[in-house]
Amino acid sequence: AANLPSAAAQKLTAAAQQAFVDGLHAAALVGVVLAAVAVVTVLRFLPARLARTGAMRGPLQSFEASAELLGGMLPTMPDEMHRREVAEQHHRMEDRE
C-alpha cells in the first residue's frame, strides 16, 4: 500500500480492515455454534442426577491411576494412603464378623 496512489492505498487499507473484522465475526459465530452444540450434547447425554454409590476405587488405586496419567511420576509418597486403606479394609472385615 505504500507504493500505491493515495486513493488506492485508502481503498486497500479499508478493504483489509473490513476483511479482518469479517474474519473475527466468522470466528465468533463458529465459537457460538460449537458452544451451542456442546450445551445440547451435555444436556442430552449426561445424567440429570448422580447415582448414590460409593467410590469405585480406594485411595491407593486412585493415587496409582493418577500417577500413571502423570507419566509415572509420583507427586507424593503413597505410604500413608496405603496404611489408611489397609486399616479401612481391616475395619470392614471386622464389621462383617
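Structural data are supplied above this passage.
Residue indices follow the written sequence of each chain, beginning from 1 at its first position. Residue-level local features of this predicted model are given only where pLDDT is at least 70; pairs of side-chain atoms are given and counted only at 80 or more, and the full residue set underlies all totals for whole chains, interfaces and linings. To obtain the side-chain values, all non-hydrogen atoms of the structure were used and water was disregarded.

Asker: Break down the overall build of the protein for me, with residues and values.
Answerer: Labels follow the DSSP assignment, with helices taken as runs of H or I lasting at least four residues and strands as runs of E lasting at least two, numbered in each case from the N terminus. Of regular secondary structure, the protein possesses three helices and zero strands. Working definition of accessibility: Shrake-Rupley area with a 1.4 Å probe, residue cover restricted to the visible protein chains. Entry remark: accessible area of the protein is about 8,800 Å², with carbon and sulfur atoms responsible for 65%.

Asker: Which residues make up helix α2 (residues 59–69), and what values go with them?
Answerer: Helical geometry: 3.6 residues make up each α-helical turn, so side chains three or four residues apart lie on a common side. Buried means the residue's accessible area, taken with a 1.4 Å probe over protein chains only, is under 20% of the maximum for its type, while exposed means over 50%, and partly exposed covers the values in between. If you check which residues of α2 are buried, you get L60, F63 and A67. On an axial view of α2, the arc spanned by its buried residues comes to 60 degrees, and they lie on one face. Away from the buried face of α2 by more than 90 degrees, exposed residues E68 and L69 are located. The positive-phi residue at the C-terminal boundary of α2 is G71, with phi of around 80 degrees. What the arc describes is the spread of directions from the helix axis to the C-beta atoms.

Asker: Which residues make up the pattern of salt bridges, and what values go with them?
Answerer: Only one rule defines a salt bridge in this text: a Lys or Arg side-chain nitrogen within 4 Å of an Asp or Glu carboxyl oxygen. Under the definition given, this model contains one salt bridge. For the salt bridge of E88 with R92, the shortest nitrogen-to-oxygen distance reads 3.7 Å. Taken together, the residues E88 and R92, both in helix α3 (residues 79–96) and four residues apart, mark about one turn of the helix. Residue classification places E88 among the partly exposed positions, given a relative accessible area of 34%.

Asker: Describe the packing of aromatic side chains, listing the residues and the values that go with them.
Answerer: Classification of ring pairs rests on two measures: the distance between centres of Phe, Tyr or Trp rings, Trp counted by its six-membered ring, which must be within 6.5 Å, and the angle between planes, read as stacked under 30 degrees, edge-to-face over 60 and tilted in between. All told, the structure shown has zero aromatic pairs when counted by the stated rule. Over the aromatic face of F45 sits the side chain of R44, whose NZ or CZ is 5.1 Å from the ring centroid. The criterion is that NZ of a Lys, or CZ of an Arg, lies within 6 Å of the ring centre and within 35 degrees of the ring normal, and then a charge sits over that ring.

Asker: I'd like a rundown of a nonpolar patch on the surface, residues and numbers included.
Answerer: Judged by side-chain polarity, F20, V21 and L24 come together as a nonpolar surface patch covering roughly 290 Å² of accessible area. Here F20 is to be found in helix α1 (residues 6–45). Residue class for F20 comes out exposed when judged on its relative accessible area of 56%. Patch construction takes residues with relative accessible area above 30% that form no salt bridge. Like charges are linked within 9 Å, and nonpolar side chains (Val, Leu, Ile, Met, Phe, Trp, Tyr) are linked within 5 Å.

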